[in-house]
Amino acid sequence: MERRLRVEDYLRRLGLRSSGPPSVEELFRLQTAHVERVPYENLEIWLGRPTTVDPAESWRRIMRGRGGYCFHLNGAFSVLLRLLGYAVSRHVGGVQGSAEAPAGAAGNHLALTVSGLPTDANPGGRWLVDAGLGDAIREPLPLVEGVYRQGPFTYAMRRSEAEPGGWRFDHDHRGSFTGMDFRPDSAEMSAFEAKHEHLSTSPESGFVRVASVQRRDAAGVDLLRGLVLTRVGLPPADGGPGTSVTLERREDYFAALADVYGMTLDDASSAEKDALWSRLLAAHEEWLAARQPA
């Protein structure tokens, strides 16, 4: 599979002309470019187009100007890093949506680590490298317990209390989830197939209930949930949740996909876009009705 994938095409998609030998600096450059140029999104579900966790399939979709969620983004990114010479491991992880939800690696997240790149602050040389956490990290985090600042957000890394030998990422208090635990042992992509099936088809899945597109940059994150587009980060300076606008017109929604996320949906037909807009509008109206007092 990996021999049929062209590294130069992927680097071009990331806005990079080339990548040098494995190094901390290059690793940071690759992840930063990935989260800024390849959106976290679940619109294939809302377009009614099934996907798999096959990294080659995800790679090809990313080449078409699209993104995906953790199984797709980190699956493809892990192949790119391996082809560039990095020592990459995939891990079963679990995103904890709220403080009330249980912690632990429930399998709803594919986490990546890269080893063999020591620094003075990270003598063990292991890094959490994650392009699939949506509104979370922009740069790799060392697997060293501590608090880390990236732009306007504060994160923490610590030993997992739920997964012996594993690690815990604590999100910023303004993030869309509380944290993520991952197991220490490596995993194959087949370990995520059942959870992907649930996330992409079950009526109980948040991905099925809410269309989501997210993009991280140095100053913050752009969150599009349903028809509500929110900017979180800088500004505001008061630490508030951010500014939001509702995209009430079809043309505004698709313009936001293109302008904010670089997604022109050229791979979708006019009929598919019409059906997507109808589903989004119906879901938004249902959401508005649910917010009305009884």
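Reading the values: rules and limits
- Residues numbered from 1 in each chain as written.
- Predicted model: local features only at pLDDT ≥ 70, side-chain atom pairs only at ≥ 80, totals over all residues.
- Heavy atoms only, no water.
- Helix = DSSP H or I, 4+ residues; strand = E, 2+ residues; numbered from the N terminus.
- Rg over C-alpha atoms; globule rule 2.2 N^0.38 Å.
- Contact = heavy atoms within 4.5 Å.
- Areas by Shrake-Rupley, 256 points an atom, 1.4 Å probe, with all protein chains shown as cover.
- Axes fitted to C-alpha atoms, helices over the stretch in contact; angles between N-to-C directions.
- Parallel < 35°, antiparallel > 145°, perpendicular 65-115°, else oblique.
- Nonpolar A, V, L, I, M, F, W, Y, C, P; charged D, E, K, R; others polar.
- Pairing = 2+ DSSP bridges.
- 1 Å grid on protein atoms, 1.4 Å probe; cavity = no way out; pocket = protein on both sides within 12 Å on 5 of 7 lines; lining within 4 Å.
- Points joined across faces, edges and corners; volume = space filled by probe spheres on them.
- Buried < 20%, exposed > 50% of the residue type's maximum accessible area, 1.4 Å probe, protein only.
- Arc of directions from axis to C-beta.
- Expected span 1.5 Å × (residues − 1).
- Salt bridge = Lys/Arg side-chain N within 4 Å of Asp/Glu carboxyl O.
- Polar contact = N/O pair within 3.5 Å; in protein donor to acceptor, adjacent residues only side chain to side chain.

S.K.: Sorry if this is basic, but what is going on with the overall build of the protein chain here?
M.R.: Along its length, the protein chain carries nine helices and 13 strands. Since a compact globule built from 294 residues should have a radius of gyration of about 19 Å, the 19 Å found for the protein chain is in line with a globular shape. The principal-axis extent of the C-alpha atoms belonging to the protein chain is close to 55 × 45 × 40 Å. Of the contacts formed within the protein chain by residues at least 6 apart in sequence, a portion of 56% connects residues at least 24 apart. Of the accessible surface of the protein chain, which amounts to about 13300 Å², a share of 51% is contributed by carbon and sulfur atoms.

S.K.: What am I meant to see in the packing of helix 4 (residues 55-63) against helix 5 (residues 70-83) here?
M.R.: The relative placement of two packed helices comes down to the angle between their axes together with the axis-to-axis distance. Their axes nearest at 8 Å, the elements helix 4 and helix 5 cross at an angle of 95°. Taken together, helix 4 and helix 5 sit at an angle that is classed as roughly perpendicular. Residues P55, S58, W59, R61 and I62 of helix 4 lie in contact with helix 5, whose contacting residues are H72, L73, G75, A76, V79, L80 and L83. A class-by-class count of the residues in the contact of helix 4 with helix 5 yields eight nonpolar, three polar and one charged.

S.K.: When you look at the sheet that holds strand 11 (residues 220-225) in this model, what are you seeing that I'm missing?
M.R.: Sheet strands pair by backbone hydrogen bonding; their relative direction is either parallel or antiparallel. The strand order 1-10-11-12-13 describes an open sheet built from five strands, whose pairing is antiparallel. Each edge of the sheet is formed by a strand with only one pairing partner; in this case those strands are strand 1 (40-41) and strand 13 (243-246). Alignment of strand 11 against strand 12 (residues 228-233), held across six bridges, turns out to be antiparallel. Looking at the pairing, D222 lines up with R231 of strand 12. Running at roughly 155° to strand 11, helix 8 (residues 250-261) makes contact with strand 10 (212-217), strand 11 and strand 12 of the sheet.

S.K.: Which parts of the structure should I look at to understand the layout of surface pockets?
M.R.: Once rolled over the atoms, a probe with the size of a water molecule shows which space is left empty. Of the volumes computed, that of the largest pocket is approximately 800 Å³. As for the largest pocket, its lining consists of 31 residues, of which V95, G97, N108, G206 and F207 are closest to the centre. When the residues that make up the lining of the largest pocket are grouped by side-chain class, the tally is 13 nonpolar, 14 polar and four charged. Within the residue set of the lining of the second largest pocket, elements represented by two or more residues are helix 7 (206-209), strand 11, strand 12 and helix 9 (270-291). Among the elements that make up the lining of the second largest pocket, the one with the highest residue count is helix 9 (five residues). Tallied by class, the residues present in the lining of the second largest pocket amount to eleven nonpolar, three polar and three charged.

S.K.: What's the story with helix 6 (residues 193-201) in this structure? I'm lost.
M.R.: Residues H196, L199 and S200 constitute the buried set of helix 6. One side of helix 6 holds all its buried residues, which, seen down the axis, span an arc of 90°. Looking at the packing, one finds that the buried side of helix 6 touches helix 3 (43-46), helix 5 and helix 7.

S.K.: What should I look at first to understand helix 5 in this one?
M.R.: For an α-helix, the turn length of 3.6 residues means that residues three or four places apart are oriented alike. In this model helix 5 runs 19 Å from its N-terminal to its C-terminal C-alpha over 14 residues, within 8% of the 20 Å that 1.5 Å per residue would give. Helix 5 sits mainly inside the fold: twelve of its 14 residues count as buried. Here helix 5 has its buried residues at C70, F71, H72, L73, N74, G75, A76, F77, S78, V79, L80 and L81. Just past helix 5, the residue G85 takes up positive phi, approximately 100°.

S.K.: Sorry, what's going on with the pairing of strand 6 (residues 146-150) here?
M.R.: Looking along a regular strand, one sees the side chains alternate between the two faces of the sheet. The sheet contact formed by strand 6 and strand 7 (residues 153-159) spans five bridges and is antiparallel. The partner of G146 across the bridge, within strand 7, is M157. Taking the residues between adjacent antiparallel strands as the criterion, strand 6 and strand 7 are bridged by two residues, where G151 takes a positive phi near 60°.

S.K.: What am I meant to see in the pattern of salt bridges here?
M.R.: Two side chains that carry opposite charge are able to pair once their charged atoms sit near each other. Summed over the entire model, instances satisfying the criterion amount to 26 salt bridges. Here E8 and R6 are joined by a salt bridge, their closest N and O atoms 3.3 Å apart. Residue R66 pairs with D267 through a salt bridge whose shortest N-O separation is 3.1 Å. Pair noted here: R66 is in the loop between helix 4 and helix 5 and D267 is in the loop between helix 8 and helix 9, with a separation of 201 residues, a long-range link.

S.K.: Hey, could you run me through the side chain of R215 in this one?
M.R.: Mapping R215 onto the fold places it in strand 10. A distance of 2.8 Å separates the side chain of R215 from the side chain of D217, its partner in a polar contact. A polar contact of 3.1 Å, which involves the side chain of R215, links it to the backbone oxygen of V260.

S.K.: What am I meant to see in the sheet that holds strand 4 (residues 127-128) here?
M.R.: Strand order in the open sheet made by the eight strands is 5-4-3-2-9-8-7-6, with antiparallel pairing throughout. Each having just a single partner strand, strand 5 (141-142) and strand 6 make up the two edges of the open sheet. Judged from the two bridges that link them, strand 3 (residues 109-115) and strand 4 form a sheet pairing that is antiparallel. The residue of strand 4 that forms the bridge with V114 is W127. Along the sheet, helix 5 makes contact with strand 2 (87-96) and strand 3, crossing strand 3 at roughly 20°.

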